[in-house]
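Breakdown of the fold
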Amino acid sequence: IAGITQAPTSQILAAGRRMTLRCTQDMRHNAMYWYRQDLGLGLRLIHYSNTAGTTGKGEVPDGYSVSRANTDDFPLTLASAVPSQTSVYFCASSSGTSSYNEQFFGPGTRLTVL
Amino acid sequence: AQSVAQPEDQVNVAEGNPLTVKCTYSVSGNPYLFWYVQYPNRGLQFLLKYITGDNLVKGSYGFEAEFNKSQTSFHLKKPSALVSDSALYFCAVRFGGFKTIFGAGTRLFVKA
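What comes next concerns the included structure.

Considering the overall build of chain A
- Of regular secondary structure, chain A possesses 0 helices and 11 strands.
- Overall, chain A shows an N-to-C arrangement of helices and strands of β-β-β-β-β-β-β-β-β-β-β.
- Scaling as 2.2 N^0.38, a compact globule of 114 residues should have a C-alpha radius of gyration of about 13 Å, and chain A matches this with 13 Å.
- Split into buried and exposed, the 114 residues of chain A put 51% on the buried side.
- Averaged over its 9 positive side-chain charges, chain A has a centre that lies 8 Å from the centre of its 7 negative ones.

What follows is the structure, encoded as structure tokens:
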């Protein structure tokens, strides 16, 4: 069982380009999340999805969009990348959206926007 | 405002000694508290959580944490540190379903 996979592992992107970060889980978890990790700031929630077909905004959603066409996949799209979006991006999932459910994280995508 | 604080950027401890990584929180209502560990170039891994009941929670790899409601703290502890425990540790509080606030992280360095 792979858990959560993310692609690409890393990417260098020119400012203004469009980029989609891929995330797939095989645990049949209902809830999925995208976080960005920046030094000294911990993890901040970008977008989340409670179940297939629904999405919501997190703490830092501007410049990002997501879709949840099925249970397994939760891609994150940067429509027009900017240097401030340079970060490490983590996809996560949990079996439910109850506050007591722990989250499972993917290995991350390191994105550099120049 | 809801917040989680990890007051130490780094904790240094000798192998075999007890370790403590501190976490305090400010959340309205009853919090659900978590500790995660991150090894280099990896995603976060769940260690333990406090939901309700006994204030001392035991988790993976010999770690435990003590919930103290009056001090709004949830410190991570281990009786005897290992070099392999060296990693980045995150405290998190979850509330309102999907909402999770992470602390900034504390780097634990265990010296042989």
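With respect to the state of the cysteines
- Overall, the coordinates contain 2 disulfides over all chains when judged by the stated rule.
- Here Cys23(A) pairs with Cys91(A) through a disulfide, and the sulfurs are 1.9 Å apart. The sign of the -70° torsion about the S-S bond sets the Cys23(A)-Cys91(A) disulfide as left-handed. With Cys23(A) in strand E3 (residues 19–25) and Cys91(A) in strand E9 (residues 87–94), the pair connects residues that are 68 residues apart, well separated along the chain.
- There is a disulfide in this structure between Cys23(B) and Cys91(B), and the S-S distance comes to 2.0 Å. As the torsion about the S-S bond is roughly -65°, the Cys23(B)-Cys91(B) disulfide counts as left-handed. Of this pair, Cys23(B) sits in the loop between strand E3 (19–21) and strand E4 (24–26) while Cys91(B) sits in strand E10 (residues 87–95), and the two are 68 residues apart along the sequence.

Quick look at the pairing of strand E8 (residues 64–68) of chain B
Residue and element names in this part refer to chain B.
- Sheet topology places strand E7 (residues 56–58) next to E8; 3 bridges connect them, and they run antiparallel. Each residue of the ladder has a partner; that of Lys 58, found in E8, is Glu 64.
- Between E7 and the antiparallel strand that follows it, E8, lie 5 residues; Tyr 61 among them carries a positive phi value of about 60°.
- The loop that links E8 with its antiparallel partner strand E9 (residues 73–78) comprises 4 residues; one of these, Thr 72, has a positive phi angle of about 45°.

Digging into the pattern of salt bridges
- A complete count under the given rule lists 7 salt bridges over all chains for this structure.
- Notably, a salt bridge pairs Lys58(B) with Glu64(B), separated by 2.9 Å at the nearest N-O pair.
- Relative accessible area serves as the criterion here: at 64%, Lys58(B) is assigned to the exposed category.
- Glu66(B) is the partner of Lys77(B) in a salt bridge, and the nearest nitrogen-oxygen pair spans 3.6 Å. With Lys77(B) in strand E9 and Glu66(B) in strand E8, the pair connects residues that are 11 residues apart, well separated along the chain.
- Overall, the relative accessible area of 39% leaves Glu66(B) in the partly exposed class.
- Sharing partners across several salt bridges, the network here consists of Arg36(A), Asp38(A) and Arg44(A).

What about the interface of chain B and chain A?
- Contacts between the two partners involve 22 residues from chain B and, on the opposite side, 24 residues from chain A.
- Looking only at chain B, the three residues that lose the most surface to chain A are Arg94(B), Phe98(B) and Phe102(B), adding up to 35% of its buried area.
- The interface formed by chain B and chain A contains 1 salt bridge.
- With its nearest N and O atoms 2.7 Å apart, the salt bridge here joins Lys49(B) to Glu102(A).

Here's the deal with the side chain of Arg94(B)
- If you trace the backbone, Arg94(B) turns up in strand E10.
- Salt bridges are absent for the buried Arg94(B), whose nearest opposite-charge side chain, Glu102(A), sits at 7.2 Å.
- Reaching out from Arg94(B), the side chain makes a polar contact with the backbone oxygen of Asn101(A) at a distance of 2.3 Å.

Cut-off values and rules
Residues numbered from 1 in each chain as written. Chains lettered and ligands numbered in written order. Predicted model: local features only at pLDDT ≥ 70, side-chain atom pairs only at ≥ 80, totals over all residues. Heavy atoms only, no water. Helix = DSSP H or I, 4+ residues; strand = E, 2+ residues; numbered from the N terminus. Rg over C-alpha atoms; globule rule 2.2 N^0.38 Å. Buried < 20%, exposed > 50% of the residue type's maximum accessible area, 1.4 Å probe, protein only. Lys, Arg positive; Asp, Glu negative; His and termini not counted. Charge placed at Lys NZ, Arg CZ, Asp CG, Glu CD. Disulfide = S-S within 2.5 Å. Pairing = 2+ DSSP bridges. Salt bridge = Lys/Arg side-chain N within 4 Å of Asp/Glu carboxyl O. Contact = heavy atoms within 4.5 Å. Buried area = accessible area lost by both parts, 1.4 Å probe. Polar contact = N/O pair within 3.5 Å; in protein donor to acceptor, adjacent residues only side chain to side chain.

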